[in-house]
Amino acid sequence: MRRIVLCFAFLSVATICLAQSAPTGIVTIANVTIIDTTGGPPQLHRTVTVRKGVIDDIRDSTLPKHKERGVEVNGTGKYLIPGLWDMHVHMVFGDWFPRGKEVTLPLFIANGITGVRDMGGDLDVLQEWRKEISAGTLLGPRIVMSGLMLDGPKPRFPSSIAIKTPEDGRRAVDDLKQRGADFIKLQSLIPRDAVFAIADEAKKQGIPFEGHVPDAVRASEMSDAGMKSFEHLIGIFEGSSPSEDDFLQGGKTEGKFLATFEPARAEKLSAQLANHRTWQCPTLVWERGGNLVDVTDFSADARANYVPPSWKAVTWKRFREEITSGYGGDNLQVRNKFITKELELVGMMRAKGVDFLAGTDTPAGVYVFPGFSLHEELQRFVAAGFTPLQALQTATVNPARFFGEEAHFGAVEAGKAADLVLLRANPLDNISNTQQIAAVVLNGRYFSRGELDALLDRVKAAASNQ
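Residues numbered from 1 in each chain as written. Predicted model: local features only at pLDDT ≥ 70, side-chain atom pairs only at ≥ 80, totals over all residues. Heavy atoms only, no water.

**Side note on the packing of aromatic side chains**
Here the structure, examined in full by the defined rule, presents 25 aromatic pairs. For the ring pair Phe356 and Phe386, a centre distance of 5.6 Å and an interplane angle of 80° mean the geometry is edge-to-face. Within this pair, whereas Phe356 is found in the loop between helix H12 (332-351) and helix H13 (372-383), its partner Phe386 is found in the loop between H13 and helix H14 (388-393), the two being separated by 30 residues in sequence. Of the two residues, Phe356 and Phe386, neither departs from the other in class, the shared state being buried. An aromatic cluster of three or more residues is present, and its members are Phe93, Trp96, Phe97, Phe157, Trp286, Trp311 and Phe319. (Phe/Tyr/Trp six-rings, centres within 6.5 Å; stacked < 30°, edge-to-face > 60°. Helix = DSSP H or I, 4+ residues; strand = E, 2+ residues; numbered from the N terminus. Buried < 20%, exposed > 50% of the residue type's maximum accessible area, 1.4 Å probe, protein only.)

**A short note on the pairing of strand E4 (residues 43-51)**
Alignment of strand E3 (residues 26-34) against E4, held across 6 bridges, turns out to be antiparallel. When the sheet's bridge partners are listed, Val32 is paired in E4 with Arg46. Bridge count between E4 and strand E5 (residues 54-60): 6 bridges; the pairing is antiparallel. Within E5, the residue paired with Arg51 across the bridge is Val54. Hairpin connection from E4 to E5: 2 residues lie between these consecutive antiparallel strands, with Lys52 at a positive phi of about 55°. (Pairing = 2+ DSSP bridges.)

**Digging into the layout of surface pockets**
There is about 1,100 Å³ of room inside the largest pocket. Contributing elements (two or more residues each) for the lining of the largest pocket: helix H6 (236-239), helix H8 (254-260), helix H10 (284-291), helix H11 (309-325) and H12. Among the elements that line the lining of the largest pocket, the one with the most residues is H10, at 4 residues. Taken together, the residues of the lining of the largest pocket sort by class into 14 nonpolar, 10 polar and 10 charged. (1 Å grid on protein atoms, 1.4 Å probe; cavity = no way out; pocket = protein on both sides within 12 Å on 5 of 7 lines; lining within 4 Å. Points joined across faces, edges and corners; volume = space filled by probe spheres on them. Nonpolar A, V, L, I, M, F, W, Y, C, P; charged D, E, K, R; others polar.)

**Details of the pattern of salt bridges**
Throughout the structure, instances matching the rule amount to 29 salt bridges. With its nearest N and O atoms 3.3 Å apart, the salt bridge here joins Lys204 to Asp200. With a gap of 4 residues between them, Lys204 and Asp200 both fall in helix H4 (residues 192-205), about one helical turn apart. Judged by relative accessible area, which is 61%, Lys204 ranks as exposed. In this structure Asp200 comes out as partly exposed when scored by relative accessible area, which is 28%. (Salt bridge = Lys/Arg side-chain N within 4 Å of Asp/Glu carboxyl O.)

**A word on the nonpolar core**
In this structure, Met91, Leu150, Ile184, Leu186, Phe209, Met222 and Met349 are the most contacted members of the largest nonpolar core, which totals 107 residues. Counting residues per element, this core draws most heavily on H12, at 6 residues. In this view, Leu186 contacts Leu150, Val195, Ile198, Phe209, Glu210, Gly211, His212, Pro214, Met222 and Met227; residues no more than four positions away in its chain are not counted. Judged by nonpolar contacts, the second largest core, of 16 residues, contains Val27, Val73, Leu80 and Val441. (Core = buried A, V, L, I, M, F, W, Y, C linked by side-chain atoms within 4.5 Å. Contact = heavy atoms within 4.5 Å.)

**Thoughts on H4**
Between its first and last C-alpha atoms H4 spans 20 Å; for 14 residues at 1.5 Å apiece the expected length is 20 Å, and the two agree. In the core, the buried residues of H4 are packed alongside strand E11 (149-151), helix H3 (166-179), strand E13 (184-186), strand E14 (209-211) and helix H5 (219-225). Taken from the residues just after H4, Gly206 is the one with a positive phi, measuring 70°. (Expected span 1.5 Å × (residues − 1).)

**Brief notes about unusual backbone geometry**
Residue Pro363 is bonded to the preceding Thr362 through a cis peptide linkage, with omega at -5°. Along the chain, Pro363 turns up in the loop between H12 and H13. The backbone of Asn31 shows a phi angle near 60°, a positive value even though the residue is not glycine. In this structure, Leu233 takes a positive phi of about 65° despite not being glycine. Within the secondary structure, Leu233 is located in the loop between strand E15 (229-231) and H6.

**Things to note about the sheet that holds strand E8 (residues 84-89)**
What the 3 strands build is an open sheet, ordered E8-E9-E10; its pairing is parallel. The open sheet is flanked by E8 and strand E10 (142-145), the only strands paired with a single partner. Averaged over neighbouring strand pairs, the angle between their axes works out to 15° when direction is ignored. As paired strands, strand E9 (residues 113-118) and E10 are joined by 4 bridges and run parallel to one another. If you follow Gly115 over to E10, its bridge partner there is Arg142. (Axes fitted to C-alpha atoms, helices over the stretch in contact; angles between N-to-C directions.)

So this is what it looks like as C-alpha cells:
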C-alpha cells in the first residue's frame, strides 16, 4: 500500500516524520453534521469522502456522490469531529505497564484517539511500534515521543536518564536527538544549573524541550528559556505565591499553595505564559485522582476490566503509596479545595490567553484508564469554565497548532489526514457526547461500532489472560 508521510515541524529546524500506511479504499459518510473545531458553525448535511488516508472531498449532501464507491456510511443524525489526541501518555515505561501493545494501543483507537504525545518511555520500543503502525502490521495511533526522560541524580521512574551536571544534560540532549527523539522531556529533580544547560543545548540542537517545571526553577524562568509546554500545572501555584523562593527549597503542599495564593501574581504569570505561548497540559483527571486516591476505589468500574492485573496489584499500589505519603498535613477537605482551585486557575489562565492541551498521564497509577480518561479530561475543562468547543479544541486543533501541523490535522477539512470520529450526539451540546462513538476512521481505515466493540473484547481478553 502507498504510504503517506506527514512531517511535524518543530521550531524552525527540527522535523519529525510520521509515516502511516495509507489504505487504497474509499469511505463516504453521507448527510453528516461536521463540527468545526476552528470555531465556525456546524456544517449541516455534508457528505465527506475519504480516499487513500486523506479527506478527499466535502460537499453538500444534495449534490451527486462520487461515482467510485467504497464503504458507505449513513451519517444522518450523527456528528463528525477530527480524531482526538491525548497529549500526555506513557506507553512503554520500563516494566511498570506490561502489555501496552495489546492493551493501551487498541484502547486509544476504540476511544477515538488517533494521536498521542508520549512523554517518557523506552525509545527503541516506541520507535519500533511506530514503524509497525506505519507498515500496517500494528493497530495504533500516530505517536510523537520523547524517549527517555531527563531527571535528577536519582531518577524516580524507569525510562529516565540521571542528570547530575550541566555536562550530563548536554550529552543527554545530544544523544536523544541523534537517536531520533522528537523532543526532550524534563522531570522534576534536575539540578538548577543542569536545567539551563539542557535548555541551551536543546535550542542549539533545534529540538523542543517540554515537561515538568523542575523543582529548583521558577515557571517564569522556564517560560523565558523557551520551554514549549508545562505539565500538571507544576510551577504555576509556586509562581502565584509570595513564597515562591521558599518553595524552590522544598516543602511544597497543596495547603501551602492555597494559603499563599495571590490572584495578581497568577494573572501576571499567566500573561507571561500567553505572551511566550508556553502551552499548558494540566492533566486534570490525574490531578483529581492523585489528590483523592486514598478515598477512591475504581475496582468495580467497568473500565477496570481492560486493566491487566499487574497494573492493579503492582503499579497502582506503588503510585498510591507514593502519593499518599506526600500528602503531609493536608487533609481531605484541603485537597478538595485545591482541586476546585486548580479548575479556577485553569479557567483564569484560559481567559488570559494561555493555550491548553488535553492529556491524561495514562496509564498512571491513580485509576487513569487509557483512552477512556481523555473524555473525562475534556469534561474537566468544561468544569473549569471552558465551553464544550474550547474543551474539544484542546484535543483536536490545539495539538495541531502545537505541532505546527494545522495543514494536516485538527479539523475536518479537505486535504487533511482522514483521522475522524463519528458521534451519535452533538459534543457542543454536552462534551460528554464525545463518548457516544458510532465509528472511527484512522488514517482512512473505517472501524464500525461493531468492530470497535470487538476490539474492546480483545483488549479485555488480553488483560484478563496476563
